[in-house]
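# Architecture at a glance
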Amino acid sequence: MAEADPTADLSGADSATKVRLLAALAWGWDAASVRVEAQPVDQSCAAAALDALSRGRRLRAVASARADQPLLVEVRLEETEPGDPLYALSGPEKAVVFGCQEAGDVVVSGGRSSPLGAALALVKDTIDVTAPRLGFF
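Remember, it's a predicted structure, so these values are computed and weren't measured experimentally.

### Some remarks on the overall build of the protein
- Check the secondary structure of the protein and you find four helices and five strands.
- Order of helices (α) and strands (β) in the protein, N terminus to C terminus: α-α-β-α-β-β-β-β-α.
- The buried share among the 137 residues of the protein stands at 20%.
- Sequence-distant contacts, at least 24 apart, represent 48% of the contacts inside the protein between residues at least 6 apart.

### Focus on the packing of aromatic side chains
- One pass over the structure, following the stated rule, counts one aromatic pair.
- Plain terms: the ring middles of W27 and W29 are 5.1 Å apart, the flat faces sit at 40° to each other, and that makes the pair tilted.
- Judged by its relative accessible area of 11%, W29 is buried.
- Its end group placed over the ring of Y87, R58 keeps NZ or CZ at 4.3 Å from the ring centre.

### Describing the nonpolar core
- With eight residues, the main nonpolar core is built from A16, V19, A23, A24, W29, V34, V73 and V75.
- Listed by contribution, the elements that provide at least two residues to this core are α2 (13-27) and β3 (72-80).
- In terms of residues, this core owes the most to one element, α2, which gives four residues.
- Beyond its immediate chain neighbours, meaning those up to four positions away, A16 contacts V36, A63, V73 and V75.

### Some details on unusual backbone geometry
- Within the chain, L71 stands out as a residue other than glycine whose phi angle is a positive 60°.
- Of note, L71 is situated in the loop between β2 (58-65) and β3.
- Exposure remark for L71: the relative accessible area of 31% places this residue in the partly exposed category.

What counts, and at which threshold
- Residues numbered from 1 in each chain as written.
- Predicted model: local features only at pLDDT ≥ 70, side-chain atom pairs only at ≥ 80, totals over all residues.
- Heavy atoms only, no water.
- Helix = DSSP H or I, 4+ residues; strand = E, 2+ residues; numbered from the N terminus.
- Buried < 20%, exposed > 50% of the residue type's maximum accessible area, 1.4 Å probe, protein only.
- Contact = heavy atoms within 4.5 Å.
- Phe/Tyr/Trp six-rings, centres within 6.5 Å; stacked < 30°, edge-to-face > 60°.
- Lys NZ or Arg CZ within 6 Å of the ring centre and 35° of its normal.
- Core = buried A, V, L, I, M, F, W, Y, C linked by side-chain atoms within 4.5 Å.

Geometric values such as these leave the question of function open.
Encoded structure:
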């Protein structure tokens, strides 16, 4: 589900901005210096989406950042399958998967009833996790 003007959603800019800010909080990156590589959702994606669907999969736009690739956010289309936290998302729902060596993957998802509320809760949780290390209080 996209905004009234879907340009930022379809280009990957909206997702990239959210991940850029989360990465800046988590790893102390300068958000303004983060480079974005984005694969837009456009007419050329229709065949890939239908092909994925025919095999019981779903095509999702996935934004990611990695500590071992500093100052880079990627937004790309990925096939997801049942069991993947992104597969089951519907409508305005969104999910974030934090890969953690010590705890495994931590998944935060929601937003069906309130996309803004889910986004704010995600930012709050990220600040709570990083505050002691980065000195936010």
